[in-house]
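Single-letter residue listing:
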Amino acid sequence: MPTEPARLEMLSALARKVLWLSSWTIHHANHIRPNVDGLKVGGHQASSASLVTIMSALYFSVLRPQDRVAVKPHASPVFHAIQYLFGHQTREKLENFRGFKGAQSYPSRTKDTDDVDFSTGSVGLGVAQTLFASLVQDYVKAHGWAKDRPEGRMIALVGDAEMDEGNIFEALLEGWKHGLRNTWWVVDYNRQSLDAVVREGLWEKFESMFRNFGWDVVIVKYGRLMRTAFAEPGGEALKQWIDACPNQLYAALCFQGGAAFRKHLRDEIGDQGAVSQLIERRNDDELLELMSNLGGHDMASMCEAFEAIEHDRPVCFIAYTIKGVGLPFQGHKDNHAGLMTVAQMEKWRSRQNIRPGHEWEKFEGLSQEPAALEAFLGDAPFNREGRRRLTAPVIEVPERLSFTPSPQMSTQQGFGLVLNELRAAIANWLRASSPLRPMSRCPLILAPGSTAAGCSRAPKRPICSAAKKSRRPSIGMPRRKDSTSSSASPR
């Protein structure tokens, strides 16, 4: 169903605020907070920005209290900003981002005090955790231990380069084996990794892989502005150009701006009258807004994609995004660890209508009434029950337990017993098949704890027939002259 205009307005406004707060948190840590050693504090303004709309749609509209989310590590500032708007994060911890006892650089269940579901500092592990968490949920439910607790979705927000991690593919196979349910993975398909632009057509590999493991795949590529433009005369040619444009060029044009897009479009498809008119009806800012309106940045498209899922089958969403969207270095090839300069931040602050000294105010720069925004946040399904961290009473453990311990053995002892049994079995077999000599003299079977060097009765050469025959090549099978492996020449 289409998203209601009033609801869409509130969601879009909150997403703009999340983008500001997440970017300002990183900026404050690097340029404003006292820094005695002068080292870069860091943060990932660009990697966070590409997930702002997706995460805002989820947390402010789609998620329920029983749902659990593994946030892409580099989107930690976005997560903390959302929790700040919900009232579950403090300004003091945001001001101390990446500092001692401050908001963590990657979401942490043990170090963060806001509502973290999965610790995701190790890239890829948080993704796999959601799959196994869903299997555990099924196990608990099947045993009747869940009582009246509703089943939740286990959701992972994944960077496209994060999909390189091998444990993710191992998890997919386990999920297929056990009939995985109630799991969503949302791929932030910004096509820029740490140090490169991803290879063309990677989304097709993702799609086929997930479908092979029984997942549904939803591709969210175009926003509403794009779909509207495609319906205009000349729009089909524009769509074909977008689909054929290499990732590297598209990212570079997003960084260079509307004028650069206009030049490329004119040069490559602008000789057609309808296409030229479509382009010329928009100024440079409007053209850039159109060309950067990929599905992952369109609130209506993301809400519709999420809300259309009414089953418990696992789903992979591939959401097209631009790394650093909305920031001065969007699409730049080196923006992964890039930070806005002080001058860039001041210019961007002006565009966001943020007054100096009011940077941390929850609704600064928004035109909506604060009371209406607070009511909207309070009514978000995810936030209706407040904080969702569960606690259990502490069980007192006595210093000493009165019980009689049962005999135990170490793993090494267990292996020793198995090895002794194996030795005895082999000795009995050889004794029955080759009774020529006492087995105590055969160097192939040693008593437990003895060695060939320490066996005084061991002859200098193999004397049992089995060992002797093993040194001869088989009839009709000449020895390989080029073989250097020990298996080709058994001893």
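Residues numbered from 1 in each chain as written. Predicted model: local features only at pLDDT ≥ 70, side-chain atom pairs only at ≥ 80, totals over all residues. Heavy atoms only, no water.

A. Just the overall build of the protein, in detail. Within the protein one finds 19 helices and 5 strands. The buried share of the protein, reckoned over its 491 residues, is 46%. Here the contacts in the protein between residues at least 6 apart in sequence split such that 72% fall between residues at least 24 apart. For the protein, the exposed area adds up to about 26,400 Å²; of that, 55% sits on carbon and sulfur atoms. (Helix = DSSP H or I, 4+ residues; strand = E, 2+ residues; numbered from the N terminus. Buried < 20%, exposed > 50% of the residue type's maximum accessible area, 1.4 Å probe, protein only. Contact = heavy atoms within 4.5 Å. Areas by Shrake-Rupley, 256 points an atom, 1.4 Å probe, with all protein chains shown as cover.)

B. Fine view of the packing of helix H10 (residues 235-244) against helix H12 (residues 258-269). Where H10 contacts H12, the axes come no closer than 12 Å and their chain directions differ by 110 degrees. Comparing their axes, H12 and H10 come out roughly perpendicular. Contacts from Ala237, Leu238 and Trp241 in H10 reach Phe261, His264, Leu265, Glu268 and Ile269 in H12. Residues of the contact of H10 with H12, tallied by class, amount to 6 nonpolar, 1 polar and 1 charged. (Axes fitted to C-alpha atoms, helices over the stretch in contact; angles between N-to-C directions. Parallel < 35°, antiparallel > 145°, perpendicular 65-115°, else oblique. Nonpolar A, V, L, I, M, F, W, Y, C, P; charged D, E, K, R; others polar.)

C. How the structure looks around the pattern of salt bridges. Across all of its chains, the model carries 27 salt bridges by this definition. With a shortest N-O distance of 2.6 Å, Arg181 and Asp312 are connected by a salt bridge. Taken together, the residues Arg181 in the loop between helix H7 (166-177) and strand S3 (183-189) and Asp312 in the loop between helix H15 (299-307) and strand S5 (315-320) connect sequence positions 131 residues apart. Arg211 is paired through a salt bridge with Glu207; the nearest N and O atoms lie 3.4 Å apart. Of this pair, Arg211 and Glu207 both sit in helix H8 (residues 202-212), 4 residues apart, which is roughly one turn of that helix. (Salt bridge = Lys/Arg side-chain N within 4 Å of Asp/Glu carboxyl O.)

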